[in-house]
Amino acid sequence: MTEAPTPYELDADTMTGGMRPIRQAVLSIGSNLGDRAARLQGAVSALEDTPEVTVVAISSVYETDPVGAPEGSGPFLNAVVLIDTTLTVHTLLDRALAIEDAFGRERSEPGAPRTLDVDIIVVGDRIANDDSLTLPHPRAHERGFVLVPWLEIDPEGEIPGHGFVADLISGVDTSGVTKREDVEIIL
């Protein structure tokens, strides 16, 4: 006869904080300088190489008009990436910023052209608002370049506090969001 494990035993990893739940996160990636497609591919590859991150799905690539950018800014290539992660939200933010930096991202003025932008849109149903991070992303529900590719790969997607992506997209101008059949991001 084997003994059943006691239901009162505590997992030491859980007690030390070593284990964290797996959460799905939605990231928006974009570039409007240089080899835009190569930079998006590089961002996805860097995410895939990140410990505790698994890329679950990647949308098609969309060319989009710049939003809130200075006059003369070129169009963006954008995509949305779904990941599963056990990283904390701030560690995920640190990784997103490191990926941007690796591709020469400069932060001069808001909306300025950029080599790479990696935005965390949602992490599960987590709500955060501190000096370094706001979740969900404060303008994602207004952005066609986020909603269109997200809906493509996650028809049940939801932005906490705002609603389902499928419903939100009807209230957003998506005329400047065009699918690029000639550009593909691969794992």
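Owing to the predicted nature of the structure, the values given are computational and were not obtained by experimental measurement. (Residues numbered from 1 in each chain as written. Predicted model: local features only at pLDDT ≥ 70, side-chain atom pairs only at ≥ 80, totals over all residues. Heavy atoms only, no water.)

Q: Mind showing me how you'd approach the overall build of the protein here?
A: When you go through the protein residue by residue, the secondary structure sums to five helices and ten strands. Taken along its principal axes, the extent of the C-alpha atoms in the protein is 75 × 35 × 35 Å. With 187 residues in all, the protein has 45% of them scored as buried. Element-wise, carbon and sulfur atoms account for 50% of the exposed surface of the protein, whose accessible area totals about 10200 Å². Distance between charge centroids for the protein: 6 Å, based on 13 positive and 32 negative side chains. (Helix = DSSP H or I, 4+ residues; strand = E, 2+ residues; numbered from the N terminus. Buried < 20%, exposed > 50% of the residue type's maximum accessible area, 1.4 Å probe, protein only. Areas by Shrake-Rupley, 256 points an atom, 1.4 Å probe, with all protein chains shown as cover. Lys, Arg positive; Asp, Glu negative; His and termini not counted. Charge placed at Lys NZ, Arg CZ, Asp CG, Glu CD.)

Q: What is the right way to look at the nonpolar core in this model?
A: Generally speaking, nonpolar side chains in soluble globular proteins are found buried as a group. Ranked by size, the top nonpolar core spans 31 residues in total, and within it Ile29, Ile83, Leu92 and Ile185 carry the most contacts. Sorting the residues of this core by element identifies strand E1 (23-31), helix H2 (36-48), strand E2 (53-58), strand E4 (76-85), helix H3 (89-102) and strand E5 (117-123) as the ones contributing at least two each. Excluding residues within four positions of it along the chain, Ile83 makes contact with Arg23, Gln24, Ala25, Leu27, Val53, Thr54, Val55, Val56 and Leu92. By size, the runner-up hydrophobic cluster in this structure holds 20 residues, among which are Tyr62, Val122, Val146 and Val172. (Core = buried A, V, L, I, M, F, W, Y, C linked by side-chain atoms within 4.5 Å. Contact = heavy atoms within 4.5 Å.)

Q: Just checking my understanding: could you explain unusual backbone geometry for this structure?
A: With the exception of glycine, most residues fall at negative phi, and the peptide bonds are largely trans. A cis amide bond, omega -5°, links Leu135 with the succeeding residue Pro136. The phi angle at Glu52 is positive, at roughly 70°, despite the residue not being glycine. The residue Glu52 is located in the loop between H2 and E2 in this model. Look at Glu52 and you get partly exposed, because its relative accessible area is 40%.

Q: Which parts of the structure should I look at to understand the side chain of Ser31?
A: Inspection of the secondary structure assignment puts Ser31 in strand E1. Under the relative-accessibility criterion, Ser31 is labelled buried at 0%. There is a polar contact of 3.4 Å between the side chain of Ser31 and the backbone oxygen of Leu33. At a separation of 2.6 Å, a polar atom in the side chain of Ser31 contacts the main-chain carbonyl oxygen of Thr115. For Ser31, the contacting residues outside a window of four places in its chain are Arg36, Arg39, Leu40, Pro75, Phe76, Leu77, Arg114 and Thr115. (Polar contact = N/O pair within 3.5 Å; in protein donor to acceptor, adjacent residues only side chain to side chain.)

Q: How should the confidence of the model for the protein be read in this particular structure?
A: If pLDDT is low for a region, its predicted coordinates should not be looked at in detail. On average, the protein scores 90 in pLDDT, and the residues at 70 or more come to 90%. Confidence drops under pLDDT 50 across residues 1-14; counting only partners more than four residues distant or on other chains, this segment forms five contacts. (pLDDT = per-residue confidence, 0-100.)

Q: Can you help me understand H3 in this one?
A: The α-helix winds at 3.6 residues per turn, so residues separated by three or four positions along the chain end up facing the same way. Helix length check: H3, at 14 residues, gives a terminal C-alpha distance of 20 Å against a target of 20 Å (1.5 Å per residue), a fit within 8%. Among all positions of H3, only Val89, Leu92, Leu93, Ala96, Ile99 and Glu100 are buried. All buried residues of H3 lie within an arc of 125° about the axis, which places them on one face of the element. Packing partners of the buried residues in H3 comprise E1, H2, E4, E5 and strand E7 (134-135). Directly after H3, the chain includes Gly104, whose backbone phi takes a positive value near 80°. (Expected span 1.5 Å × (residues − 1). Arc of directions from axis to C-beta.)

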